[in-house]
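Residue-level listing of the chains:
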Amino acid sequence: MSSRKRAQTKAYQDPGFLNSKDARALRILSEYLEPKSRFDHHKVDDTIVFMGSARIKSRESAEESMRKATSEKDRERAQTALKMSAYYEAARELTKWSKELDRVERRFVVCTGGGPGIMEAANRGAAEAKGLNVGLTISIPAEEFDNPYVTRELSFHFHYFFMRKFWFAYLAKAVIVFPGGYGTLDELFELLTLVQTRKMRKPMPIVLFGTEYWREVIDFDALARHGTIDAEDIGLVHRTDSVDDAYDWIVRQLAEKALAQPGATL
């Protein structure tokens, strides 16, 4: 009979356990502690969050699609992409925070969902301004993408949507929402609910960029007319089509409500 000791595996080194439903609490906690460790290390205390569609193309990409279009359907799709590319370029330009408000401390770091489209545009603008920027990606069954503009040390990959949303909200000092689909609408309404119910106690300036799009997609006035929100709730967002107006409005908000109070909070 062999006296050789059986190899033993510690629980925290057992992939079978760590990936089981019984260890879900550990995985959730990991998506809090590991990002916190990196944010603390890189001294990222405040962010400006950019949200919007992953499907919106850059101007150069949309123009390339126009050149390659052969059918009427392709041309219509390319024309829409070219029109919507104005939002990509606006998001890219708006990240001048990275250059103008981040000269000494790492305040108001650009943060996105780390994907393509509007997210890529904001990360790209921040990278071009030589600023740190954050990408909070999520694992979903979609085509792989590459956003090379996210600061490598601040690129995160989440499994749990609610933990990703926590990090969007916890560090944010302002949010700019560009045209987007279900994901963008989900994130926007969650933020609006937190602000409306005062579960989020810090000031949260929210810009809806693209007045025509948002007027068509969400009728906030109808919600007030039907009595499902208060009239003053309409004022929880600032609507604009101007990069300069969005920048100036948020800078005023930050100067009044955030500059003297650095650090993550809800």
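Look a little higher up for the structure.
Residues numbered from 1 in each chain as written. Predicted model: local features only at pLDDT ≥ 70, side-chain atom pairs only at ≥ 80, totals over all residues. Heavy atoms only, no water.

Chemist: I'm lost on the overall build of the chain in this one. Help?
Modeler: Within the chain, the secondary structure is distributed over 11 helices and seven strands. Judged by the C-alpha coordinates and their principal axes, the chain covers about 80 × 50 × 45 Å. Across the 266 residues in the chain, those meeting the buried criterion constitute 45%. A sequence separation of at least 24 residues applies to 74% of the contacts in the chain between residues at least 6 apart. Here the chain contributes 40 positively and 39 negatively charged side chains, and the mean placements of these two sets differ by 7 Å. (Helix = DSSP H or I, 4+ residues; strand = E, 2+ residues; numbered from the N terminus. Buried < 20%, exposed > 50% of the residue type's maximum accessible area, 1.4 Å probe, protein only. Contact = heavy atoms within 4.5 Å. Lys, Arg positive; Asp, Glu negative; His and termini not counted. Charge placed at Lys NZ, Arg CZ, Asp CG, Glu CD.)

Chemist: Just checking my understanding: could you explain the sheet that holds strand S3 (residues 133-138) for this structure?
Modeler: Strands pair in a sheet through their backbones, by hydrogen bonds, and they do so in one of two ways: parallel or antiparallel. Taking strand neighbours across the sheet as the criterion, the seven strands line up as S4-S3-S2-S1-S5-S6-S7 in an open arrangement whose pairing is parallel. Strand pairing shows two members of the sheet lacking a second neighbour, strand S4 (155-158) and strand S7 (238-240), which therefore form its edges. Taking each pair of neighbouring strands and ignoring which way they run, the sheet shows an average axis angle of 20°. Strand direction decides the pairing type here: strand S1 (residues 47-51) and strand S5 (residues 172-177), joined by five bridges, are parallel. Bridge pairing in S5 places Thr47 opposite Ala172. In the packing of helix H2 (residues 24-41) onto the sheet, contacts are made with S3 and S4, and the angle to S4 comes to roughly 175°. Each of S1, S5 and strand S6 (206-209) touches helix H4 (residues 72-94); the most contacted strand, S6, lies at about 145° to it. (Pairing = 2+ DSSP bridges. Axes fitted to C-alpha atoms, helices over the stretch in contact; angles between N-to-C directions.)

Chemist: Hey, could you run me through the nonpolar core in this one?
Modeler: Here is a general trend for soluble globular proteins: nonpolar side chains tend to be buried in one another's company. Counting residues in hydrophobic clusters, the biggest one holds 36 residues, and the most contacted among them are Phe39, Val134, Leu136, Val175, Val177, Leu188 and Ile206. Here this core gets five residues from one element, more than from any other, and that element is helix H7 (residues 161-171). Phe39 has contacts with Val44, Val134, Leu136, Leu154, Phe156, Trp167 and Leu171, leaving out every residue within four places of it along the chain. Counting 26 residues, the second largest nonpolar core, distinct from the first, contains Ala91, Leu94, Ala121 and Ala122. (Core = buried A, V, L, I, M, F, W, Y, C linked by side-chain atoms within 4.5 Å.)

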